[in-house]
Amino acid sequence: MSDKPQHRPGAARRALDGLYALGGALAALCVLVILLLMLGASVGRMANWRVSWINDVVAWLCAAAAFLGMAYSFRNGDFVRVTLVLESVSPRARRWLEVVSLSIATVAIAYLGYWAARFTWESWEFNDIAGNMVAIPIWIPQMSFVIGALIFVVAVLDECFTVLRGHRPGYVTRVEERHARGDFSEEL
């Protein structure tokens, strides 16, 4: 792969990076709300309030945080990658192995997203209601799965096209930038 700069100025790049950052920010917001709800539940239990509904909301927020943050984590090199083979081949072979891997990932994530959307649509169509303490239409928490999968497939396609154009994957350059700064925190 060439050492061409990976960053491409322009509205499309800014929009895509903004989309990934929005997913990451929403995931972080979910984690913050989980913290606040758990603190509230602790106080509520001491005050003998009914707080069992919090478990349902926390479970949905955990799933939302995971799915909404996937694209942001992927783009920043925070996914676990097994690079043993990639490090032992030529740059040209590495490029094509990256393309094959990203292509397979795109198909797998698109398939996951399709079924997530289909199940969410069916939940909406049949007016499925959550059967736990919080009786809301189940499609509402399911939408975080659909949105997260959609953003993630866009991020993987973005990286695939980046590599096909001869650039290094963004997740590789971001990890190298962190290592150059002496930040090996993701290695822990």
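Predicted, not measured: the structure shown is a model, and the values here were computed from it.

It is worth spelling out the overall build of the chain at this point. Each helix and strand counted, the chain has six helices and zero strands in total. Beginning at the N terminus, the succession of helices and strands in the chain can be written as α-α-α-α-α-α. In terms of overall dimensions, the chain has C-alpha extents of about 65 × 40 × 35 Å along its principal axes. Considering only intrachain contacts with a sequence separation of at least 6, the fraction spanning at least 24 residues in the chain is 74%. Element-wise, carbon and sulfur atoms account for 70% of the exposed surface of the chain, whose accessible area totals about 11,300 Å².

The axes of two packed helices give the description: the angle between them and the distance between them. Look at helix α2 (residues 53-68) against helix α5 (residues 139-164): their axes get within 8 Å of each other, and the N-to-C directions meet at 10°. In terms of orientation, α2 lies roughly parallel with respect to α5. Note on element contacts: α5 touches α2 through Pro-141, Ser-144, Phe-145, Ile-147 and Gly-148, opposite Trp-60, Ala-64, Phe-67 and Leu-68. Grouping the amino acids of the contact of α2 with α5 by side-chain chemistry returns seven nonpolar, two polar and no charged.

All chains considered together, the criterion is met by eight salt bridges. In this structure, the salt-bridge partner of Arg-75 is Asp-158, at a minimum N-O distance of 3.7 Å. Pair noted here: Arg-75 is in helix α3 (residues 70-75) and Asp-158 is in helix α5, with a separation of 83 residues, a long-range link. Asp-158 matches Arg-75 in its accessibility class, with the two residues each being buried. Residue Glu-122 is joined to Arg-118 by a salt bridge in which the shortest nitrogen-to-oxygen separation is 3.5 Å. Pair noted here: Glu-122 and Arg-118 are both in helix α4 (residues 91-125), with a separation of four residues, about one helical turn.

About the criteria used
Each residue is numbered by its place in its chain's sequence as written, counting from 1. Where local features are concerned, this predicted model is filtered to residues with pLDDT of at least 70; where side-chain atom pairs are given and counted, the filter is 80 or more; whole-chain, interface and lining totals use all residues. Note: side-chain values were computed over all heavy atoms of the structure, leaving out hydrogens and water. In DSSP terms, a helix is any run of H or I states spanning at least four residues, a strand is any run of E spanning at least two, and both are numbered starting from the N terminus. Working rule for contacts: check all heavy atoms of both residues, and any pair within 4.5 Å makes them a contact. The accessible surface values rely on the Shrake-Rupley method and a 1.4 Å probe; as for residues, cover is taken only from the protein chains in view. Throughout, an axis means a line fitted to C-alpha atoms (over the contacting stretch in the case of helices), and angles, computed between N-to-C directions, take values from 0 to 180 degrees. Between 65 and 115 degrees an angle is taken as roughly perpendicular, under 35 as roughly parallel, over 145 as roughly antiparallel, and anywhere else as oblique. Gly falls in the polar group here, along with every residue not listed as nonpolar (Ala, Val, Leu, Ile, Met, Phe, Trp, Tyr, Cys, Pro) or charged (Asp, Glu, Lys, Arg). We count a salt bridge whenever a side-chain nitrogen from Lys or Arg sits within 4 Å of a carboxyl oxygen from Asp or Glu. Categorising residues by exposure relies on relative accessible area from a 1.4 Å probe, with only protein chains included: less than 20% of the type maximum marks a residue as buried, more than 50% marks it as exposed, and the intermediate range marks it as partly exposed.

Any link to function would need more than the numbers given here.
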